[in-house]
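Per-entry structural report
Spelled out, the chains give:
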Amino acid sequence: MGKEARRGIPAIARKMKKLDAKISDTSQAPKGKEYFYRCAACGGVIPSTPRDNVGCECGNIFIDLDYLRLAVKDYTKFEVLQAGREDK
Ligand SMILES: [Zn+2]
């Protein structure tokens, strides 16, 4: 299953660090090009600013662009990842 599970995860996601923020409401979730959301249940990673409606495979996390809304069913399985900045 190893390779299968990694499919669809952008390369950038593997370099990201997990934010420690305790998020209990979608309004607290940071948004931006450098932020990604990860579902701990299925391992899916989705961008916080997608171009289309997107959700993880198990449906725990979903972004509905029509309503500019992020929906999370189980916050204990919701993680925010931030792409590492390249400090020069
Ligand atoms: Zn999921």
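For the structure itself, consult the block above.
Here's a quick rundown of the structure.

Rules used throughout
Residues numbered from 1 in each chain as written. Predicted model: local features only at pLDDT ≥ 70, side-chain atom pairs only at ≥ 80, totals over all residues. Helix = DSSP H or I, 4+ residues; strand = E, 2+ residues; numbered from the N terminus. Buried ≥ 20, exposed ≤ 12 C-beta atoms within 10 Å, placed from the backbone. Contact = placed C-beta atoms within 7 Å. Pairing = 2+ DSSP bridges.

Scanning the protein chain from N- to C-terminus turns up 1 helix and 7 strands. When the elements of the protein chain are put in sequence order from the N terminus, they spell out α-β-β-β-β-β-β-β. Per-residue burial over the protein chain gives 17% buried out of 88 residues. Of the contacts made within the protein chain by residues no fewer than 6 positions apart, 47% connect residues no fewer than 24 positions apart.

To continue, consider the environment of L19. With respect to the secondary-structure elements, L19 resides in the loop between β1 (17-18) and β2 (35-39). For the pair L19 and E79, spaced 60 residues apart in sequence, the C-alpha to C-alpha distance is 7.3 Å. Those residues in contact with L19 that lie beyond four places of it in its chain are V80 and Q82.

Further remarks concern the sheet that holds strand β4 (residues 54-55). Through backbone hydrogen bonds, the strands of a sheet pair up, either in parallel or in antiparallel fashion. Taken together, 3 strands build an open sheet; the order of strands is β4-β5-β6 and the sheet is antiparallel. Sheet topology places β4 and β6 (69-72) at the edges, where each strand pairs with a single neighbour.

These figures capture arrangement, not role.
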